[in-house]
Amino acid sequence: MKRILITGGAGFIGNHVVRLFVNKFPEYEIYNLDQLTYAGNLENLKDIEGKENYTFIKGDITNAQFIDELFIKYQFEGVIHLAAESHVDRSISDPLAFVNTNVIGTVNLLNAAKSCWANDYSNKLFYHISTDEVYGSLGEEGLFTEETSYDPQSPYSASKGSSDHFVRAYANTYKLPIVISNCSNNYGPNQFPEKLLPLCINNIKNNKPLPIYGKGENIRDWLYVVDHARAINTIFHQGRAGETYNIGGINEWKNIDIVKLLCDIMDKKLNRPEGKSRELITFVKDRAGHDMRYAIDASKIEKELGWTPSLQFEEGLEKTVDWYLSNTNWLENVTSGDYQNYYSNQYQS
Ligand code: NAD
Ligand code: TYD
């Protein structure tokens, strides 16, 4: 029996990781710890909430005493840490929230694991989920490898980079068994519509403008979220302790091109005339400090652990659009209330 704590399991990537572990490993006990911030949603987990090997715990990783007591109570053997503030634009308006959750929250978990495991590290693992954004911004050439120096440019990526440093410092100083992975942009079902693709899907559906920052020339490397969850499973079970693995889609797109492709898919699905949704594209003021290009060299995880993305991008994007179009209640629930305030503040000018 393995007791695994997954943090942030009610969020976008977390719910796919929880689902994969709960379904694939009935002999494990999976504990999902989530504070249910605006980004966390238990509706994401309706299909598995009754499973015997699954327990949900509502709680805040910034509360050190609560986290310590949780480790004493449940004696977790593995941690997969995803809980975070994850949106760059929000980090620009409220950096301290990112320091609290991403840095202090991570250190609280490291401390609790360290004292709970009390130097008996056999069959223990602290797996920290990070982002390619810690490496900074690329020019036209090159890819981020595991050896690329950290050069975070936004408050979000600075907080994630800082948490990665703490995780490595605990491995070096206290010999805590850790592993870190840094993944590129994810897309897929259940992503909160503050991020580019679900925001545009929601706006196309409602015939609202599609706000493209700057000239739309920034490039991201997109990976289907279920493929990220598969990579996390592979690394958790086969990754070497102390190592870092980059995960990416080998799938670079300029923002303007990906939004045009999305418009074309949505026109077909909604029976709109070809080209109709593209008329909604609106160029708006650029994001402050907007990173130009991210792209991952995923050869280490492929060579060492045999992981590659399973889905072609167009197929993944279609699946994603289908999910949003058939889960209108989910979309309506998450876009009512606070979302409206967020949206009008973010896109006011
Ligand atoms: P998300 O914002 O959708 O979900 C974050 C989850 O963490 C939510 O369920 C939220 O309720 C929970 N949470 C936030 N603060 C908490 C706190 N103080 N205590 C407990 N729970 C808290 O994020 P996501 O997109 O699913 O990202 C998950 C992880 O993967 C993050 O660490 C992020 O940095 C990383 N990541 C994301 C991407 C991406 O494209 N989304 C890419 C690479 C890495
Ligand atoms: P986002 O989904 O916020 O992910 P990240 O900033 O972590 O890469 O943004 C993806 C890209 O899309 C990024 O270059 C910023 C851009 N973008 C827009 O052009 N308009 C928007 O409304 C948003 C949210 C993002």
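For the structure, see preceding data.
Read on for an overview of the structure. Every value quoted in this text rests on a predicted model; they were computed, and no experiment measured them.

1. Thoughts on the sheet that holds strand E11 (residues 252–254)
Strands sit in the order E7-E9-E11 across an open sheet of three strands; the sheet is mixed. Unpaired on one side and paired on the other, strand E7 (185–187) and E11 mark the two borders of the sheet. For this sheet the average axis-to-axis angle between neighbouring strands, irrespective of direction, equals 50 degrees. When E7 meets strand E9 (residues 219–224), the two strands line up parallel, connected through three bridges. Counterpart to Tyr187 in the pairing with E9 is Tyr224.

2. A look at the site of ligand 1
In the region of ligand 1, 28 residues are neighbours, and Ile13, Asp34, Ser86, Tyr156 and Lys160 sit closest. In this structure, Ile61 approaches ligand 1 through a main-chain N or O atom, which is 3.0 Å from a nitrogen atom. Within the backbone of Asn186, one N or O atom sits 2.9 Å away from an oxygen atom of ligand 1. Starting from 840 Å² of accessible surface for ligand 1 in isolation, the protein chains cover 96%. Top element by residues in the shell around ligand 1 is strand E5 (residues 125–131). It accounts for three residues. By residue class, the composition of the shell around ligand 1 is 12 nonpolar, 13 polar and three charged.

3. Some remarks on helix H12 (residues 338–346)
Where H12 is concerned, the buried positions are Tyr339, Tyr342 and Tyr343. For H12, the buried positions fall inside an angular range of 95 degrees around the axis, keeping them on one side. Across from the buried face of H12, at angles greater than 90 degrees, the exposed residues are Asp338 and Asn345.

4. Brief notes about the sheet that holds strand E2 (residues 29–34)
Across the sheet, seven strands lie side by side as E3-E2-E1-E4-E5-E6-E10; this open sheet has parallel pairing. Sheet topology places strand E3 (54–58) and strand E10 (244–247) at the edges, where each strand pairs with a single neighbour. Strand-to-strand twist of the sheet, defined as the mean angle between neighbouring strand axes without regard to direction, takes the value 20 degrees. Across the sheet, helix H5 (residues 155–174) is in contact with E5, strand E6 (178–183) and E10; its angle to E5 comes to roughly 155 degrees.

5. A word on the pairing of strand E8 (residues 210–213)
Along E8, one buried face is formed by Leu210 and Ile212 and the opposite face, lined by Pro211 and Tyr213, is buried too. Looking at chain direction, E8 and strand E12 (residues 281–284) are connected through four bridges and run parallel. In the sheet register, Ile212 faces E12, and the bridge partner there is Phe283.

6. A closer look at the packing of helix H1 (residues 12–24) against helix H7 (residues 225–238)
Between H1 and H7, whose axes approach to 9 Å, the crossing angle comes to 55 degrees. It follows that H1 is oblique to H7 by the angle criterion. Both H1 and H7 take part in a crossing whose hand is right-handed. Residues Phe12, Ile13, His16, Val17, Leu20, Phe21 and Lys24 of H1 form the contact with H7, whose own contacting residues are Val225, Val226, His228, Ala229, Arg230, Ile232, Asn233, Phe236 and His237. Class assignment of the residues belonging to the contact of H1 with H7 gives a composition of 10 nonpolar, four polar and two charged.

7. A few points about the nonpolar core
Membership of the largest hydrophobic core comes to 40 residues, with the highest contact counts inside it found for Ile6, Phe21, Ile80, Tyr127, Ile247 and Ile301. Taken together, the elements giving at least two residues each to this core come down to strand E1 (3–7), H1, E5, E6, H7, E10 and helix H9 (299–305). Ignoring anything within four residues of it in the chain, the contact list for Ile80 reads Ile4, Leu5, Ile6, Thr7, Phe21, Tyr127, Ile129, Ile232 and Phe236. With 35 residues, the next largest nonpolar core counts Leu199, Cys263, Ile265 and Tyr339 among its residues.

What counts, and at which threshold
Residues numbered from 1 in each chain as written. Chains lettered and ligands numbered in written order. Predicted model: local features only at pLDDT ≥ 70, side-chain atom pairs only at ≥ 80, totals over all residues. Heavy atoms only, no water. Pairing = 2+ DSSP bridges. Helix = DSSP H or I, 4+ residues; strand = E, 2+ residues; numbered from the N terminus. Axes fitted to C-alpha atoms, helices over the stretch in contact; angles between N-to-C directions. Near = heavy atom within 4 Å. Polar contact = N/O pair within 3.5 Å; in protein donor to acceptor, adjacent residues only side chain to side chain. Areas by Shrake-Rupley, 256 points an atom, 1.4 Å probe, with all protein chains shown as cover. Nonpolar A, V, L, I, M, F, W, Y, C, P; charged D, E, K, R; others polar. Buried < 20%, exposed > 50% of the residue type's maximum accessible area, 1.4 Å probe, protein only. Arc of directions from axis to C-beta. Contact = heavy atoms within 4.5 Å. Parallel < 35°, antiparallel > 145°, perpendicular 65-115°, else oblique. Left-handed = near helix turned anticlockwise from the far one by under 90°. Core = buried A, V, L, I, M, F, W, Y, C linked by side-chain atoms within 4.5 Å.

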